[in-house]
Amino acid sequence: MFDAMSMFNAIVVEQENGRSNASLKPVNEASLPAGDVHIRNEWSTLNYKDALAITGKGPIVRHFPMVPGIDLAGVVEHSEHPEWRVGDRVLLNGWGIGERHWGGLAQQARVNGDWLTRMPETLDCRQAMAIGTAGYTAMLSLLTLERHGLTPASGEVLVTGANGGVGSFAITLLAQRGYRVIAATGRPQEAAFLERLGAAEIIDRQSLSEPGKPLAKARWAAAIDSVGSHTLANVCAQIQPDGLVAACGLAQGMDFPASVAPFILRGVSLLGINSVTRPREERERVWARLARDIDAAVLDEISRDIGLSDAIEAADQLLAGQVRGRLVVDVNR
């Protein structure tokens with residue numbers, strides 16, 4: 001059993017006078033929430049949702065105090081769950097951690113063992129978090145599109161939010177499978193980066209982010225959209241007949257100011273991607289595919305390491321659009 005007086009470092013979001021305040025502070029292990037598996041965290045990530053939680057700029061945190069972090073990877077130190085033993089390497093994304101249950105931006109975690117995924121043998125904790133929810137969501141999106149019939153012969157595939165974590169991985173995964181990828185970004189100075197990932201063409205996101213026509217010229221066979229709102233509406237309006245759109249994010253907003261025209265007149269299919277509550281068997285299949293398909297050199301290209309002490313400042317930079325790819329957090333630094 002653990003010493004109830006032992007301490008660990010964590011980013012803690014608290015509410016003061018109706019306002020959120022995040023700080024890096026020591027936390028008593030006895031304060032950890034209920035769960036049947038105790039994990040020594042090694043790496044986490046900083047995602048868009050985490051940045052909203054840390055800054056208080058979005059209604060992410062459901063109760064206070066909260067340790068943010070929707071990803072974690074580490075080693076089991078104590079388990080009362082039949083699936084997990086001391087020393088098992090595990091990862092966790094989704095299931096409400098960092099929102100309803102203390103998450104990964106800490107040196108320790110206590111969680112429900114049903115939420116955990118066994119770490120693929122070919123990945124270490126840092127590599128798993130370089131992939132994280134972003135890569136996992138991108139792969140879910142690609143597999144969903146292919147399950148509905150998409151092949152490289154279908155035509156070009158658009159990726160919105162191309163400089164973000166999901167977008168970066170979507171470009172890489174699509175290009176590796178032989179698709180011709182069109183990347184939409186608001187940062188044209190990053191064109192060379194996107195081309196290294198596999199983008200064949202770069203377009204300005206401004207052409208998609210403003211109110212548009214219910215139905216526009218058909219351009220792409222499919223799309224992976226992590227932006228939502230007007231961008232998603234314009235994407236759907238420009239998909240070819242019988243084309244596909246995987247919607248996996250809402251960086252621009254939760255609204256969908258569109259018409260039914262693309263879906264009725266062109267037979268476009270809008271496919272929602274839920275990365276939060278997938279069953280373990282599906283998660284393990286997706287992670288096995290990621291471990292097989294992602295090159296370590298690509299992970300280095302897409303990701304950058306920061307320490308736990310850097311995460312609060314980096315959250316503002318991420319929301320300001322100053323971060324490309326993935327921020328991987330060493331929780332012991």
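Attention here is on the structure that accompanies the text. Since we're looking at a predicted model, the values are computed, not measured. Positions within a chain are numbered from 1, following the residues in the order the chain's sequence is written. Residues qualify for local features only when their pLDDT is at least 70, as the model is predicted, and side-chain atom pairs are given and counted only at 80 or more; totals for whole chains, interfaces and linings, by contrast, use all residues. Side-chain figures throughout are based on the complete set of non-hydrogen atoms in the structure, without hydrogens or water.

Bringing the overall build of the protein into the picture now. Put simply, DSSP H or I for four residues or longer makes a helix, DSSP E for two residues or longer makes a strand, and each gets a number counted from the N terminus. Looking only at helices and strands, the protein features 10 helices and 15 strands. To get the radius of gyration, use the C-alpha atoms; to get the globule rule, take the number of residues to the power 0.38 and multiply by 2.2 Å. On C-alpha atoms alone, the protein measures out to a radius of gyration of 20 Å, which is about the 20 Å that the 2.2 N^0.38 rule sets for 333 residues. With respect to the principal axes defined by its C-alpha atoms, the protein has extents near 65 × 45 × 35 Å. Relative accessibility under 20% of the residue-type maximum defines a buried residue, over 50% an exposed one, and the middle range a partly exposed one, all with a 1.4 Å probe and only protein chains included. Within the protein, buried positions represent 56% of all 333 residues.

The next subject is the nonpolar core. Phe 169, Ile 171, Leu 174, Leu 194, Trp 287 and Leu 290 are the most contacted members of the largest nonpolar core, which has 50 residues in total. At 12 residues, the largest contribution of residues to this core is made by helix H2 (residues 125-147). Contact between two residues is taken to exist if any of their heavy atoms lie within 4.5 Å; hydrogens are not considered. Those residues within four positions of Trp 287 in sequence are excluded, and the remaining contacts are Leu 91, Asn 93, Thr 117, Pro 120, Leu 123, Ala 128, Ile 131, Gly 132 and Tyr 136. We define a nonpolar core as any set of buried Ala, Val, Leu, Ile, Met, Phe, Trp, Tyr and Cys residues linked to one another through side-chain atoms lying within 4.5 Å. Counting residues in each nonpolar core, the second largest holds 30 residues, with Ala 10, Ile 11, Val 27 and Leu 46 among its members.

So, on to a nonpolar patch on the surface. Note on patches: the residues involved have over 30% relative accessible area and no salt bridge, like charges join within 9 Å, and the nonpolar side chains Val, Leu, Ile, Met, Phe, Trp and Tyr join within 5 Å. Methods summary: accessible areas were calculated by the Shrake-Rupley approach with a probe of 1.4 Å, and residue burial reflects only the protein chains presented. Each reported salt bridge corresponds to a side-chain nitrogen of Lys or Arg within 4 Å of a carboxyl oxygen of Asp or Glu. Taken together, the side chains of Val 260, Ile 264 and Leu 265 define a hydrophobic patch exposed on the protein surface, amounting to about 340 Å² of accessible area. Within the secondary structure layout, Val 260 lies in the loop between strand E12 (239-247) and helix H7 (261-265).

Applying the stated criterion to the full structure yields 21 salt bridges. Arg 333 is the salt-bridge partner of Asp 330, the closest N and O atoms lying 4.0 Å from each other. On the accessibility criterion, Arg 333 (48% relative accessible area) is partly exposed.

Side-chain rings of Phe, Tyr and Trp (the six-membered ring for Trp) are treated as a pair once their centres are within 6.5 Å; stacked means planes under 30 degrees apart, edge-to-face means over 60, and tilted covers the remaining angles. A complete count under the given rule lists 2 aromatic pairs for this structure. Their ring planes at 15 degrees and their centres at 6.2 Å tell us that Tyr 136 and Trp 287 sit as a pair that is stacked. Taken as a pair, Tyr 136 in helix H2 and Trp 287 in helix H8 (residues 280-293) lie far apart in primary sequence, 151 residues in all. Trp 287 shares its class with Tyr 136; the two are buried. With a centroid separation of 6.5 Å and 50 degrees between ring planes, the pair formed by Phe 256 and Phe 263 is classed as tilted. Two limits define a charge over a ring: the Lys NZ or Arg CZ must be within 6 Å of the ring centre, and within 35 degrees of the ring normal. The ring centre of Phe 193 lies 4.2 Å from the NZ or CZ of Arg 324, which sits over that ring.

For the rest of this paragraph, the subject is the environment of Ile 203. Structurally, Ile 203 can be placed in strand E10 (residues 199-204). You can call Ile 203 buried: its relative accessible area is 10%. Contacts of Ile 203, omitting those with residues within four sequence positions, involve Leu 158, Ile 182, Ala 183, Ala 184, Thr 185, Leu 208 and Trp 220.

Judged from the 5 bridges that link them, strand E9 (residues 181-185) and E10 form a sheet pairing that is parallel. By the bridge assignment for E10, Val 181 is matched with Ala 199. Assignment of crossover handedness uses the view with strands pointing away from the viewer, where a clockwise path from the first strand over the helix to the second indicates a right-handed crossover. As a crossover connection, the stretch from E9 through helix H4 (residues 191-197) into E10 is right-handed. DSSP calls a pair of strands paired once it identifies at least 2 bridges connecting them.

Here we come to the side chain of His 81. With respect to the helices and strands, His 81 occurs in the loop between strand E4 (71-79) and strand E5 (89-93). In protein, a polar contact requires one atom able to donate a hydrogen and another able to accept it; more generally it is a pair of N or O atoms within 3.5 Å, and residues adjacent in sequence count only if both atoms are side-chain atoms. A distance of 3.0 Å separates a polar side-chain atom of His 81 from the backbone nitrogen of Glu 83. At 2.7 Å, the side chain of His 81 forms a polar contact with the side chain of Asp 114. Excluding anything up to four places from it in sequence, His 81 contacts Asp 36, Val 37, Gly 113, Asp 114 and Arg 280.

Moving on, we get to the sheet that holds E9. In a beta sheet, neighbouring strands are held together by backbone hydrogen bonds and run either parallel or antiparallel to one another. Strand order in the open sheet formed by 6 strands is E10-E9-E8-E11-E12-E13, and the pairing between neighbours is parallel. Looking along the sheet, the strands with just one partner apiece sit at the ends: E10 and strand E13 (269-272). Adjacent strand axes in the sheet meet at a mean angle of 20 degrees when their direction is disregarded. Helix axes use the C-alpha atoms of the stretch in contact, all axes being lines fitted to C-alpha atoms, and the angles between their N-to-C directions lie in the range 0 to 180 degrees. Helix H3 (residues 165-176) contacts strand E8 (157-159), E9, E10 and strand E11 (220-225) of the sheet and is inclined by roughly 160 degrees relative to E8. Set on the sheet, helix H6 (residues 229-237) makes contact with E8, E11, E12 and E13; between it and E12 the angle comes to about 155 degrees.

Once that is clear, we can look at the pairing of strand E14 (residues 303-307). Looking at chain direction, E14 and strand E15 (residues 326-330) are connected through 5 bridges and run parallel. Following the sheet pairing, Gly 307 is matched in E15 by Asp 330. Regarding the hand of the β-α-β motif, the stretch spanning E14, helix H10 (residues 311-319) and E15 is right-handed.

Turning to the environment of Thr 55, a few remarks are in order. Considering the arrangement of structural elements, one finds Thr 55 in helix H1 (residues 48-55). Separated by 91 residues in sequence, Thr 55 and Glu 146 have C-alpha atoms that sit 37 Å apart. Residues in contact with Thr 55, not counting those within four places in the same chain, are Ala 315, Asp 316 and Leu 319. A distance of 3.5 Å separates a polar side-chain atom of Thr 55 from the backbone oxygen of Leu 52. A distance of 3.3 Å separates a polar side-chain atom of Thr 55 from the backbone nitrogen of Lys 57.

Just distances and angles here, no functional claims.
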